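Residue strings, one per chain:
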Amino acid sequence: YVIAVDLNKKDYDSYYKISYLLNELDKKEDAIIMLNNLLSKKPEYINATMLLGDILSSQERYKEALNVYTNGLKYSPNNYDLYYSMGIVYTMLNDFPNAKICYEKAATINSLLYHAYYSLGQINLIEMDLDEAEKYFTKCLESKEHEADAYYKLGKIYMLRGDHDNAVKFVNLAIELDNNYIKIANQEPIFIPVKSKFQIPIIDEEDIKPRKTTYTKKELK
């Protein structure tokens, strides 16, 4: 790729590939320098915008990452990934109002990608807006990827409302879909009053499979 760039200074794809590989080699500062140079010449290169923002976010340089994503919106105003990434950054900055705006925009752009709905549910649960949280987690039940997580969160919501029967019902549904929730629910203080009602299958600890997820490291954080 370096040879390709030497032969053609406008080979932006090879330039991006070098930046990507530098990041993979954990030479993040070098990658940041190259990506800034690339975006100064071709600011509409959204893959470079996303990679630069993600690297900065991984280093907890959230305000810098936010500036990068915001600049990217000038060239791709209806980009789901940009709005979703901005939602994550605002969340890490504890700016929940702006995080919700970004997640809602992302969900509007692509209603079939449920990460944004799940994030909205979590923020509303943190803010104790239980009706809004329930709305978004219920929406996530349409996605197999988020179904178990959403059932578990709905169980929490019903515990907070004092509806123990529904809380147990939803946690049991989560456990049926993902046996990791056996351990998670038993360790959750809010469920202490109803732990004996969980319909936990008799399985060996060693039979509990690692949770499958398609979340990126950024999303998991």
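Everything below is about the structure shown above.
Below: a short report on this structure. In this numbering scheme, every chain counts its residues from 1 along its sequence in written order. The predicted nature of this model means local features are confined to residues of pLDDT at least 70 and side-chain atom pairs, given and counted, to a pLDDT of 80 or more, with totals for whole chains, interfaces and linings taken over all residues. The basis for the side-chain values is all heavy atoms of the structure; hydrogens and waters are excluded.

Describing the packing of aromatic side chains
Each aromatic ring pair is specified by the distance between its two centres and by the angle formed by the two planes.
Stage number 1. In this analysis, rings of Phe, Tyr and Trp, with Trp reduced to its six-membered ring, are considered paired at centre separations within 6.5 Å, and the interplanar angle assigns stacked below 30 degrees, edge-to-face beyond 60, and tilted for intermediate values. A complete count under the given rule lists eleven aromatic pairs for this structure.
Stage number 2. Judged by centre distance (5.8 Å) and plane angle (10 degrees), the ring pair of Tyr 80 and Tyr 84 falls under stacked. Taken together, the residues span about one helical turn, with Tyr 80 and Tyr 84 both in helix H6 (residues 80-92) at a distance of four residues.
Stage number 3. According to the relative accessible area criterion, Tyr 84 is buried, its value standing at 6%.
Stage number 4. Relative to Tyr 103, the ring of Tyr 84 lies with its centre 5.7 Å away and its plane at 55 degrees, an arrangement referred to as tilted. Here Tyr 84 is found in helix H6, whereas its partner Tyr 103 is found in helix H7 (residues 96-109), with 19 residues between them in sequence. Exposure class is identical for Tyr 84 and Tyr 103. Each is buried.
Stage number 5. Among the aromatic residues, ring-to-ring pairing joins Tyr 152, Tyr 181, Phe 191 and Phe 198 into one connected group.
Stage number 6. When the NZ atom of lysine or the CZ atom of arginine is within 6 Å of a ring's centre and also within 35 degrees of its normal, the charge is said to sit over that ring. Sitting over the ring of Tyr 158, Arg 161 keeps its end group 5.3 Å from the ring centre.
Stage number 7. The positively charged end of Lys 169 is found above the aromatic ring belonging to Phe 170, 4.8 Å away from the centroid. Only DSSP runs of H or I covering at least 4 residues are called helices, and only runs of E covering at least 2 are called strands; the numbering of each starts at the N terminus. Buried residues are those whose accessible area, probed at 1.4 Å on protein chains only, stays under 20% of the maximum for their type, while exposed residues exceed 50% and partly exposed ones sit between those limits.

Observations regarding unusual backbone geometry
Stage number 1. Positive phi, normally seen in glycine, also occurs at Asp 26, with a value near 65 degrees.
Stage number 2. Judged by its relative accessible area of 57%, Asp 26 falls in the exposed class.

Examining the pattern of salt bridges
Stage number 1. Within this document, salt bridges are pairs made up of a side-chain nitrogen of Lys or Arg and a carboxyl oxygen of Asp or Glu, the two lying within 4 Å of each other. Enumeration over the complete set of coordinates arrives at ten salt bridges.
Stage number 2. When the shortest N-O distance is used, the salt bridge between Glu 44 and Lys 42 registers 3.2 Å.
Stage number 3. On the accessibility criterion, Glu 44 (38% relative accessible area) is partly exposed.
Stage number 4. Take Lys 42: its relative accessible area is 25%, and that puts it in the partly exposed class.
Stage number 5. Of the charged contacts in the structure, one is a salt bridge between Arg 161 and Asp 131, with a shortest N-O distance of 2.8 Å. Placement of the pair is Arg 161 in helix H10 (residues 144-161) and Asp 131 in helix H9 (residues 130-140), with a sequence separation of 30 residues.

Observations regarding H9
Stage number 1. Among all positions in H9, only Leu 130, Ala 133, Glu 134, Tyr 136, Phe 137 and Cys 140 are buried.
Stage number 2. Whether two residues are in contact is decided by their heavy atoms, any of which lying within 4.5 Å being enough. As for H9, its buried residues are in contact with H7, helix H8 (115-126) and H10.

Some points on the nonpolar core
Stage number 1. Among the nonpolar cores identified, the biggest contains 72 residues, and Tyr 103, Phe 137, Phe 191 and Phe 198 are the most heavily contacted of them.
Stage number 2. Not counting residues within four places of it along the chain, the set of residues in contact with Phe 137 comprises Tyr 118, Gly 121, Gln 122, Leu 125, Ala 150, Lys 153, Leu 154 and Ile 157. Here the nonpolar core consists of buried residues drawn from Ala, Val, Leu, Ile, Met, Phe, Trp, Tyr and Cys, with membership extended through side-chain atoms lying within 4.5 Å.

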